[in-house]
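As a plain string of letters, each chain reads:
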Amino acid sequence: MYDETNGFPLWMDIYGEESALSLEILNLNYTIKFVPEIVVNHRVDRAKRIEQKRNYFRFEKQLQNSIRYYLVYFPNPILKIAKLLFHNFKKYALKDIKCFQLFWKVIFNAIFNFFKIVKYRKPVSKQAIQKLFELKGLQF
């Protein structure tokens, strides 16, 4: 199945590559099932992350890669990107000066790198996007 996809995206360095690959798998009409017997703990000490200022790194990378994800995979990404930016501006950028700076850095980079990212553009079917939103994760 992995070989039928583009693999982990080259245009995404961290935070989101699993989502990109999952969407490509759904677009190939495979089904993704969560199995409670298989557990991977991928959690980090939140207090330590804040102390190390890793939340800023995470904020920047997740926002950047979310924009790229929508640009590459969604047939009509403009509304999704607008909602993403509005949410992150309201929830983070207005409350923290560093997030405010990173928010605008990400927007500048998205504009500057737009043509580099759209060369990877391969919109998936609306059915794949619907299947993605219908996936039910594990209940903890």
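Here is a short report on the structure shown in this document. (Residues numbered from 1 in each chain as written. Predicted model: local features only at pLDDT ≥ 70, side-chain atom pairs only at ≥ 80, totals over all residues. Heavy atoms only, no water.)

## Some words on unusual backbone geometry
In this structure, Y15 is a non-glycine residue whose phi angle is positive, near 65°. The backbone of N29 sits at a positive phi, close to 70°, despite the residue not being glycine. Tracing the chain through its elements places N29 in the loop between α1 (17-27) and α2 (46-51). On the basis of relative accessibility, which here comes to 63%, the residue N29 falls in the exposed class. (Helix = DSSP H or I, 4+ residues; strand = E, 2+ residues; numbered from the N terminus. Buried < 20%, exposed > 50% of the residue type's maximum accessible area, 1.4 Å probe, protein only.)

## Notes on the pattern of salt bridges
According to the stated counting rule, one finds two salt bridges in the structure shown. One salt bridge connects K61 with D13, and the closest N-O pair in it is separated by 2.8 Å. Taken together, the residues K61 in helix α3 (residues 54-73) and D13 in the segment before α1 connect sequence positions 48 residues apart. Residue classification places K61 among the buried positions, given a relative accessible area of 15%. (Salt bridge = Lys/Arg side-chain N within 4 Å of Asp/Glu carboxyl O.)

## Observations concerning the side chain of N65
Along the chain, N65 turns up in helix α3. Non-local contacts of N65, meaning those with residues more than four positions away in its chain, are made with W11, M12, D13, I14 and Y15. (Contact = heavy atoms within 4.5 Å.)

## Points about empty space enclosed by the protein
Counted by the stated rule, this structure contains one cavity of 30 Å³ or more. Taken as a whole, the largest cavity spans an internal volume of roughly 60 Å³. Taken together, Q64, I67, R68, L71, V106, N109, A110, N113 and I117 make up the lining of the largest cavity. Elements with a contribution of two residues or more to the lining of the largest cavity: α3 and α5 (97-112). Sorting elements by how many residues they give to the lining of the largest cavity places α3 first, with four residues. (1 Å grid on protein atoms, 1.4 Å probe; cavity = no way out; pocket = protein on both sides within 12 Å on 5 of 7 lines; lining within 4 Å. Points joined across faces, edges and corners; volume = space filled by probe spheres on them.)

## Brief notes about the packing of helix α4 (residues 78-93) against α5
At their nearest, the axes of α4 and α5 sit 9 Å apart, and the two run at 160° to each other. The orientation of α4 relative to α5 falls into the category roughly antiparallel. Considering how the two elements wind past one another, α4 and α5 form a crossing that is right-handed. Mapping the contact onto sequence places L85, N88, F89, Y92 and A93 in α4 and C99, F100, F103, W104 and I107 in α5. (Axes fitted to C-alpha atoms, helices over the stretch in contact; angles between N-to-C directions. Parallel < 35°, antiparallel > 145°, perpendicular 65-115°, else oblique. Left-handed = near helix turned anticlockwise from the far one by under 90°.)

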